[in-house]
Amino acid sequence: ETGVTQSPTHLIKTRGQQVTLRCSSQSGHNTVSWYQQALGQGPQFIFQYYREEENGRGNFPPRFSGLQFPNYSSELNVNALELDDSALYLCASSLGGTQRDIQYFGAGTRLSVL
Amino acid sequence: DQQVKQNSPSLSVQEGRISILNCDYTNSMFDYFLWYKKYPAEGPTFLISISSIKDKNEDGRFTVFLNKSAKHLSLHIVPSQPGDSAVYFCAAILNAGNMLTFGGGTRLMVKP
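What counts, and where the lines are drawn
Residues numbered from 1 in each chain as written. Chains lettered and ligands numbered in written order. Predicted model: local features only at pLDDT ≥ 70, side-chain atom pairs only at ≥ 80, totals over all residues. Heavy atoms only, no water. Helix = DSSP H or I, 4+ residues; strand = E, 2+ residues; numbered from the N terminus. Rg over C-alpha atoms; globule rule 2.2 N^0.38 Å. Buried < 20%, exposed > 50% of the residue type's maximum accessible area, 1.4 Å probe, protein only. Pairing = 2+ DSSP bridges. Contact = heavy atoms within 4.5 Å. Buried area = accessible area lost by both parts, 1.4 Å probe. Salt bridge = Lys/Arg side-chain N within 4 Å of Asp/Glu carboxyl O. Polar contact = N/O pair within 3.5 Å; in protein donor to acceptor, adjacent residues only side chain to side chain. Phe/Tyr/Trp six-rings, centres within 6.5 Å; stacked < 30°, edge-to-face > 60°.

## Quick look at the overall build of chain A
Secondary structure assignment for chain A yields zero helices and eleven strands. When the elements of chain A are put in sequence order from the N terminus, they spell out β-β-β-β-β-β-β-β-β-β-β. The C-alpha radius of gyration of chain A comes to 13 Å, within 12% of the 13 Å expected for a compact globule of 114 residues. Along the longest, intermediate and shortest principal axes, the C-alpha atoms of chain A span 35 × 30 × 25 Å.

## Regarding the pairing of strand 4 (residues 30-38) of chain B
All names here are of chain B. The element strand 4 is extensively covered by neighbouring structure, given that nine of its nine residues are classed as buried. With six bridges joining them, strand 4 and strand 5 (residues 45-51) adopt antiparallel strand pairing. Each bridged residue has a counterpart across the sheet, and for Tyr-32 the counterpart in strand 5 is Ser-51. Between strand 4 and strand 5, which pair antiparallel in sequence order, lie six residues; one of them, Ala-41, sits at a positive phi of approximately 65 degrees.

## Considerations on the interface of chain B and chain A
Counting residues at the interface gives 21 residues for chain B and 23 residues for chain A. Counting the surface lost from both chain B and chain A, the interface buries some 1,600 Å², and carbon and sulfur atoms represent 59% of this. Sorting the residues of chain B by area buried against chain A places Pro44(B), Asn98(B) and Phe102(B) first, and these three jointly supply 33% of that buried surface. There are one salt bridge connecting chain B and chain A. Between Asp31(B) and Arg100(A) there is a salt bridge, with the nearest N and O atoms lying 2.8 Å from each other. Between the two partners, chain B and chain A, sit four residue pairs in polar contact (both at pLDDT 80 or more). Every element with two or more residues in the side of chain B that touches chain A is listed here: strand 4, strand 9 (86-94) and strand 10 (100-102) of chain B. It is strand 4 of chain B that contributes the most residues to the side of chain B that touches chain A, five residues altogether.

## Concerning the packing of aromatic side chains
Residue and element names in this part refer to chain B. Throughout the structure, instances matching the rule amount to twelve aromatic pairs over all chains. Both rings, one in Tyr-25 and one in Phe-33, keep their centres 4.8 Å apart while their planes meet at 40 degrees; by these two values the pair is tilted. Accessibility classification places Tyr-25 together with Phe-33 in one group, the buried group. The interplanar angle of 70 degrees and the centroid separation of 6.5 Å between the aromatic rings of Phe-30 and Phe-33 together place this pair among those described as edge-to-face. Take Phe-30 and Phe-33: they sit in the same class, and that class is buried.

This is the structure in structure tokens:
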């Protein structure tokens, strides 16, 4: 077990709605990254937060946004949901602020958009 | 455009034999590579990494080989065990970048 917890585990939304996913980092970690994993594919990097600031972003539109809190937990917000947003969303925590650090992943939130 | 590719979606190996998982990349600016393993209903877990200044890195039963001229890396598991059955992802990071790019994964099945 990695100590990274995500909630909820499953979620069903309709197109156009907004969703907030939550991630609690491993104790002592100051960096959190979010990934989207579509069925049968590898995870795709959405963004990374280091000490409450975004310090890296993948090729995702602005309707994907995030927050990192002073206790280093994090939220991923997705506005105006589209059918293609259906995926497993993974968060990972690490210590060091770069993607080269070993990342500890949560089990993910499965989002279905109908 | 997939910059990191794992061309074998699945691999089946007998227990005790060697498992070789392959990964190809297209961007020569990648300078750090990692392998993660994923069991069903769990998040990926880190296995092993290698910097582009090396061509081999070993950790117990796991060895990663990097061939920069061919833009190819491979993960060797010797001997393979049934508990190694999982999906394996290779990932790469650009020099001076901060974005992990994953391949599509290879499902390894180790038969007892």
